[in-house]
Amino acid sequence: MDPRQAISDRRFGPALGLLMASLASLVTLTAVASAEQPTTGGTAKSQPARSQPPAAGRGDMMRALQQRAAETQTPVYGHWGLDATKYSSWNEHSNRLVPVYTFGLTLSDWRERGSLYADAQRLKPLERSSTASSINPTAMYFDETDVYQLQRAAIDAGYSNIIMLVFDGMDWQTARAAAIYKTGRIDYESGRGTGLAFQTDRRTLTDYGLISTSSAADEATIDVDAQRVLSVSEQPSFGYDVRLGGRTPWNERNGSGYLIGQDLSRPHTVTDSAASGTSLCSGIKTYNGSINVALDGSQIVPLARELQRDQDFMIGVVTNVPVSHATPAAAYANNVSRKDYQDLARDLIGLPSAAHRNDPLPGIDVLLGAGWGEHKDEDELQGANFAKGNRYLHEEDLRTVDLRNGGRYRVVERTAGKSGRKSLHRAAQAAADNQERLLGFFGTRGGHLPYATADGGYDPAADVGDAEIYSAADIDENPTLAEMTEAALLVLEQSIDGFWLMIEVGDVDWANHANNLDNSIGAVLSGEAAFVKVMDWVDENNAWDHTAVIVTADHGHYLVLDHPEVIAAAGRSETAKELAEK
């Protein structure tokens, strides 16, 4: 059935009624399946994601859908969680298989070797229990630790630039919602998808697969001051069961508590971003909350630090959430707790920390992200050395590493009355010209960059919490994720030996935790814009023979798209009246 014809089907009546009620006053807005085998590149380039606010006087249909869902607690576009009658019944992570896209390299070695989950010999050393093995002889999905192995294989093959974009919390369903909105069509029901730049870009060799994200243990008892793991929960353990979760994200068992860790017959651990980030960056399975610390309490050296130490790579981390949150921290730091933000930041910028008191890490070359302005007087979770002040990157630490005070970083912060984009670009250019390190610290209330919504504006609707409201200064004084990506590449391209760069699209996760699809789509499109910056940079530098680009997620959430046709209508910029007439 043509998706547009489906709108007139009776089964969409309830959703249409809600849509009509919420959108009656709006005016008109401005207006396949992909193979899972490698695709050779062509010359076409992706178009950047929309990043400008809508024209004055236009209505925002996706915002109205989200607002209506939050106000009525009914599934206007879909539902979050197991209860299909409620808009929101779950706002945590899930055990869904998540996508991985590669550019400049393929997953052929993965396929030739076969899935970890189809090989009992390879799986056994990672499993903590022999009574509930995750073996699946027909598994076509892979594991998050394979992404680490993919990076290492690229290095071994002579690649000198490794760029990994982590769309935090973006499962297949989230990406599909964004693609439907962006194109205004329901173009695919399975596979890689089409519509988003990282789905459609064919300028170089590209590939697609699915990975399991489950972590080794749900929790651990730790001593953050001593940096010791005292004990680790015995159950559950990692894995993925196709009988309970489905063979692919598009063939899931909807309504199954397994995917959110609520099926006690098969309680596979639902990961957090710390354990999953550790898997992506260090190749091990560990407990939730760990930043590159194994189950036995030993510190693991992530790939970025190894490349810095052994091959003189420059290292960069970019994020639109706090600089010391779990995913950016996992790129480089060690800590028994993801909540020890100030110490994680110290690892990232080369200062003594709880995990490296006497022999501090060298620090990374580029750190750009948010967390600016987030003050806290006390924080027991950060241990005895917590300092009153910014909870994510303390002001004194920032001063210590500043070039103006004898440090190694050119520091640029959000400053009243100054354009964040221009300030960052000037600092990045100066750092590149003078072979300096770069540290950019931005953000708004809550610790993140302003949320760009689906239409490219900055006016979030309500969700499970109150809607955020931004001032003109919040928008102007902060750069976008794409602009931070561009700045990072300007500095890192000065490296003679190569570089490793992580770009975290962290606000996808924050939006999905809030059950806010308008924010979530906007976050995916913000990440897409950063992806386009990366791909264009590789093209402009003729670097495809030595550059690997990996796009993936660290875990999923639990959005079920009941009525994708209303999301498509919002993307086509149609009013409720026009939708009803179809």
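Residues numbered from 1 in each chain as written. Predicted model: local features only at pLDDT ≥ 70, side-chain atom pairs only at ≥ 80, totals over all residues. Heavy atoms only, no water.

## Comments concerning the pattern of salt bridges
Formally: Salt bridges are identified by distance alone: a Lys or Arg side-chain nitrogen within 4 Å of an Asp or Glu carboxyl oxygen. With a 1.4 Å probe rolled over the protein chains alone, any residue whose accessible area is under 20% of its type maximum counts as buried; one over 50% counts as exposed, and the rest are partly exposed. Runs of E in the DSSP output that reach at least two residues are strands. Runs of H or I that reach at least four are helices, and both are numbered from the N terminus.
What the rule picks out here adds up to 29 salt bridges. With a closest N to O distance of 3.0 Å, Arg-185 and Asp-187 form a salt bridge. In this structure Asp-187 comes out as partly exposed when scored by relative accessible area, which is 31%. One salt bridge connects Arg-338 with Asp-272, and the closest N-O pair in it is separated by 3.1 Å. On the criterion of sequence distance, the pair formed by Arg-338 in the loop between helix H11 (326-330) and helix H12 (341-349) and Asp-272 in the loop between helix H8 (242-245) and helix H9 (273-282) is long-range, its members being 66 residues apart. Linked by salt bridges that have partners in common, Asp-201, Arg-203, Asp-536 and Asp-539 make up one network.

## Examining the confidence of the model for the protein chain
Formally: pLDDT measures how confident the predictor is about each residue, on a scale from 0 to 100. Two residues form a contact once any of their heavy atoms are found within 4.5 Å.
Confidence along the protein chain averages 89 in pLDDT terms, with 87% of residues attaining 70 or more. For the stretch residues 1-16, pLDDT sits under 50, and the model shows 20 contacts to residues farther than four places along the chain or on other chains. Throughout residues 18-37 the model reports pLDDT below 50, and contacts reaching past four residues in sequence, or to other chains, amount to 60 contacts.

## Focus on the environment of Met-61
In this structure, Met-61 sits in helix H2 (residues 61-72). Owing to a relative accessible area of 1%, Met-61 belongs among the buried residues under this scheme.

## Brief notes about the packing of aromatic side chains
The test is simple: Stacked, tilted and edge-to-face pairs are distinguished by plane angle, under 30 degrees for stacked and over 60 for edge-to-face with tilted covering the rest, among Phe, Tyr and Trp rings (Trp via its six-membered ring) whose centres lie within 6.5 Å.
A full pass over the atoms with the stated rule returns 14 aromatic pairs. Between Phe-103 and Phe-531, the aromatic rings sit 5.1 Å apart at their centres with planes inclined by 55 degrees, giving tilted as the arrangement. Within this pair, whereas Phe-103 is found in strand E2 (residues 98-103), its partner Phe-531 is found in helix H18 (residues 517-540), the two being separated by 428 residues in sequence. You can call Phe-103 buried: its relative accessible area is 0%.

## A few points about the layout of surface pockets
The cut-off we apply is this: The distinction between a cavity and a pocket rests on a 1 Å grid over the protein atoms alone: a 1.4 Å probe fits inside a cavity but cannot get out, while a pocket stays open yet meets protein on both sides within 12 Å along at least five of seven lines, and a residue with an atom within 4 Å of a point counts as lining. Grid points are joined across faces, edges and corners, and a volume is the space filled by probe spheres set on the points.
When its volume is computed, the second largest pocket comes out at roughly 480 Å³. As for the second largest pocket, its lining consists of 29 residues, and the residues nearest its centre are His-325, Tyr-451, Asp-509, Trp-510 and His-513. Contributions of two or more residues to the lining of the second largest pocket are made by H11 and helix H17 (507-513). When residues in the lining of the second largest pocket are grouped by element, the largest group, four residues, is from H17.

## A short note on helix H6 (residues 172-183)
In an α-helix there are 3.6 residues to a turn, and that puts residues three or four apart on one side. Put simply, the rule is: Expected span of a helix: the number of residues minus one, times 1.5 Å.
Here H6 spans 16 Å end to end across 12 residues, near enough to the 16 Å set by a 1.5 Å rise per residue. For H6, the buried fraction is high: 10 of the 12 residues fall into the buried class. Listed as buried for H6 are Trp-172, Gln-173, Thr-174, Ala-175, Arg-176, Ala-177, Ala-178, Ala-179, Ile-180 and Tyr-181. Positioned one or two residues after H6, Gly-184 has a phi angle of 75 degrees, which is positive.

## Description of helix H16 (residues 481-492)
Compared with the 16 Å implied by 1.5 Å per residue over 12 residues, the 16 Å span of H16 between its first and last C-alpha is a close match. For H16, the buried fraction is high: 10 of the 12 residues fall into the buried class. What H16 keeps buried is the set Leu-481, Ala-482, Met-484, Thr-485, Ala-487, Ala-488, Leu-489, Leu-490, Val-491 and Leu-492.

## Digging into the packing of helix H5 (residues 144-156) against H9
This is how it is decided: The axes are straight lines fitted to the C-alpha atoms, using for helices just the contacting stretch, and the angles between their N-to-C directions are given from 0 to 180°. When an angle is under 35 degrees it counts as roughly parallel; over 145 it counts as roughly antiparallel; between 65 and 115 it counts as roughly perpendicular; any other value is oblique. Throughout this entry, Asp, Glu, Lys and Arg are counted as charged residues, while Ala, Val, Leu, Ile, Met, Phe, Trp, Tyr, Cys and Pro are counted as nonpolar. The remaining residues, Gly among them, count as polar.
Orientation of H5 relative to H9, taken along the N-to-C sense of each, is 30 degrees, at an axis distance of 6 Å. Classified by the interaxial angle, the pair formed by H5 and H9 is roughly parallel. For the pair formed by H5 and H9, the contact residues are Glu-144, Thr-145, Val-147, Tyr-148 and Gln-151 on the first element and Ser-276, Ser-279, Leu-280, Cys-281 and Ser-282 on the second. When its residues are assigned to classes, the contact of H5 with H9 shows four nonpolar, five polar and one charged.

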